[in-house]
Amino acid sequence: MNILILGCGQIGHALAEQLAQDTYNNDQAQHQITCVSRSAKTFSHDDIQHLAQDLQDLDLPHQPNFDWVYVIVSPDERNVDAYQQVFIDTARPVFQALQHHPVHKVIFISSTRVYGEDQGRWINDESIPNTDDSIGQTLIAAEQLWSAYWQEKLTIIRPSGLYREHSEFLKKKALETHQLHLNHWTNRIHRADLVGFLQYLMTLENVESSYILTDQRPSLQYELYNLIRGQNQREPLTIHSDAKTTGKRLCADRLAQSGYKLKYPAHPLFAEK
């Protein structure tokens, strides 16, 4: 299969390496992989081709006929203009560059930020994206635009918060927080499971139009912080009994039904309890 990966950050890079490793290990999984990003990248597999291009000027005249495309882009800054440039302004140039390719499937990575529920209610794959958050609204507009171009060929992936086993940022937040005023629900998915599921999609006969990706274990922020604080001999944080409940709880039914087995069904800190 000829695979095009647009965006070569941590997730795109890891996916390219994993797909190349599959090709190396399995004669039945012969993939030709091309990655596109603005800056040069290096890979452990020499057969991964890289093109240094801006997606708004994407040019693929002498490339193989791509039949599977992953769009794994991310903005340089967390503001509406940056999201507009990377998610919306790239839609038409990518569509035009691939017009003469026999594209079978386009996998577009969005975010569960498109769901604005903020009172701890449950969200699932059937929930309609809706939010007052300006960045979330930009992502909704991007999903709609890419869907208009690719229609039934498009599958939208909405991951919850990405994490790795040892997050210094999360540890710093937990240890530096002295008081929490909100009973805030959080959701997460390990980076390895995002990469694993993106790879697994290629094995499915029927791919859904969208998937929420989360580890199926929403947790209150203070619970996670207290596990980290306990590991570091800090006093636990407490929440007032009448603290306002915020955030959302995510249920990934389509993920479960797909047959994919999570490598990290819970954050390692919860698994150790």
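Because the structure is predicted, anything quoted here is derived from the model rather than measured. Each chain carries its own residue numbering, running from 1 in the written order of its sequence. In keeping with the model being predicted, local features are shown solely for residues with a pLDDT of at least 70 and side-chain atom pairs are shown and tallied solely at 80 or more, while totals for entire chains, interfaces and linings include all residues. Side-chain figures throughout are based on the complete set of non-hydrogen atoms in the structure, without hydrogens or water.

### Points about the packing of helix H5 (residues 168–176) against helix H7 (residues 221–231)
Here is step 1: To define axes, lines are fitted to C-alpha atoms, for helices over the stretch in contact only, and angles between the resulting N-to-C directions are given on a 0 to 180 degree scale. Helix numbers and strand numbers start at the N terminus; a helix is a DSSP run of H or I with at least 4 residues, a strand a run of E with at least 2. Where H5 meets H7, the closest approach of the two axes is 9 Å, and the angle between their N-to-C directions is 90°. On the basis of the axis angle, H5 is roughly perpendicular to H7. Of H7, the residues touching H5 (which contributes Leu-170, Lys-171, Lys-173, Ala-174 and Leu-175) are Leu-224, Tyr-225, Ile-228 and Arg-229.
Here is step 2: Here the nonpolar group is Ala, Val, Leu, Ile, Met, Phe, Trp, Tyr, Cys and Pro; Asp, Glu, Lys and Arg are the charged ones; every other residue, Gly included, is treated as polar. Among the residues forming the contact of H5 with H7, the class breakdown is six nonpolar, no polar and three charged. Should an angle fall under 35 degrees it is taken as roughly parallel, and over 145 as roughly antiparallel, whereas 65 to 115 is taken as roughly perpendicular and any remaining angle as oblique. Any two residues whose heavy atoms approach within 4.5 Å are treated as being in contact.

### Side note on the pattern of salt bridges
Here is step 1: Any Lys or Arg side-chain nitrogen located within 4 Å of an Asp or Glu carboxyl oxygen qualifies as a salt bridge. Under the definition given, this model contains six salt bridges.
Here is step 2: Between Asp-76 and Arg-38 there is a salt bridge; the shortest N-O distance is 3.1 Å. Residue Asp-76 is located in the loop between strand S4 (68–71) and helix H2 (80–88), and its partner Arg-38 is located in the loop between strand S2 (32–37) and strand S3 (49–52); the two are separated by 38 residues in the primary sequence. The pair formed by Asp-76 and Arg-38 is uniform in burial state, with each residue classed as exposed.
Here is step 3: In this structure, Asp-133 engages Arg-113 in a salt bridge whose closest nitrogen and oxygen atoms are separated by 2.7 Å. Of this pair, Asp-133 sits in the loop between strand S6 (122–123) and helix H4 (134–150) while Arg-113 is found in the loop between strand S5 (105–109) and S6, placing the two residues 20 residues apart along the sequence.
Here is step 4: On the accessibility criterion, Arg-113 (31% relative accessible area) is partly exposed. Residue exposure (1.4 Å probe, protein chains only): buried if accessible area is under 20% of the type maximum, exposed if over 50%, otherwise partly exposed.

### Structural notes on the side chain of Arg-188
Here is step 1: Looking at the secondary structure, you find Arg-188 in strand S10 (residues 188–190).
Here is step 2: The charge count includes Lys and Arg as positive and Asp and Glu as negative, but it does not include His or the ends of the chains. Asp-215 provides the closest opposite charge to the buried, salt-bridge-free Arg-188, at an N-O distance of 4.6 Å.
Here is step 3: Ignoring sequence-local partners within four residues, the contact set of Arg-188 consists of Ser-160, Gly-161, Tyr-163, Thr-214, Asp-215, Arg-217, Ser-219, Leu-224, His-267 and Phe-270.

### A closer look at the nonpolar core
Here is step 1: In terms of nonpolar packing, the biggest core is built from 66 residues, with Ile-5, Tyr-70, Ile-157 and Leu-198 touching the most fellow members.
Here is step 2: A per-element tally of this core places H4 first, with six residues.
Here is step 3: Not counting chain neighbours up to four residues away, the residues in contact with Ile-5 comprise Gly-12, Leu-15, Ala-16, Leu-19, Ile-33, Thr-34, Cys-35, Val-36, Tyr-70 and Ile-72.
Here is step 4: Counting residues in each nonpolar core, the second largest holds 13 residues, with Ala-174, Leu-175, Ala-243 and Ala-266 among its members. Take the buried residues of types Ala, Val, Leu, Ile, Met, Phe, Trp, Tyr and Cys, join any two whose side-chain atoms come within 4.5 Å, and each joined set is a nonpolar core.

### Digging into the sheet that holds strand S11 (residues 210–213)
Here is step 1: At least two bridges found by DSSP between two strands is the condition for calling them paired. Strand order in the open sheet made by the seven strands is S3-S2-S1-S4-S5-S7-S11, with parallel pairing throughout. If you trace the sheet from one side to the other, it starts and ends with S3 and S11, each paired once. Strand-to-strand twist of the sheet, defined as the mean angle between neighbouring strand axes without regard to direction, takes the value 15°.
Here is step 2: In the sheet, strand S1 (residues 2–6) pairs with S4 via four bridges, with the strands oriented parallel. Among the inter-strand pairings, Ile-5 is bridged to a residue of S4, identified as Tyr-70.
Here is step 3: Each of S4, S5 and strand S7 (154–159) is contacted by H4, which is oriented at about 160° to S7, the strand it contacts most.

### Topic: the pairing of S5
Here is step 1: For S5, the tally of buried residues reaches five of five residues, placing the bulk of the element in the interior.
Here is step 2: Residues Lys-105, Ile-107 and Ile-109 of S5 are buried on one face, and the alternating residues Val-106 and Phe-108, pointing to the opposite face, are buried as well.
Here is step 3: With four bridges joining them, S4 and S5 adopt parallel strand pairing. Bridge pairing in S5 places Val-71 opposite Phe-108.
Here is step 4: Bridge count for S5 against S7 is four bridges, and the pairing is parallel. The residue of S7 that forms the bridge with Ile-107 is Thr-155.

All we've got here are geometric facts, nothing functional implied.
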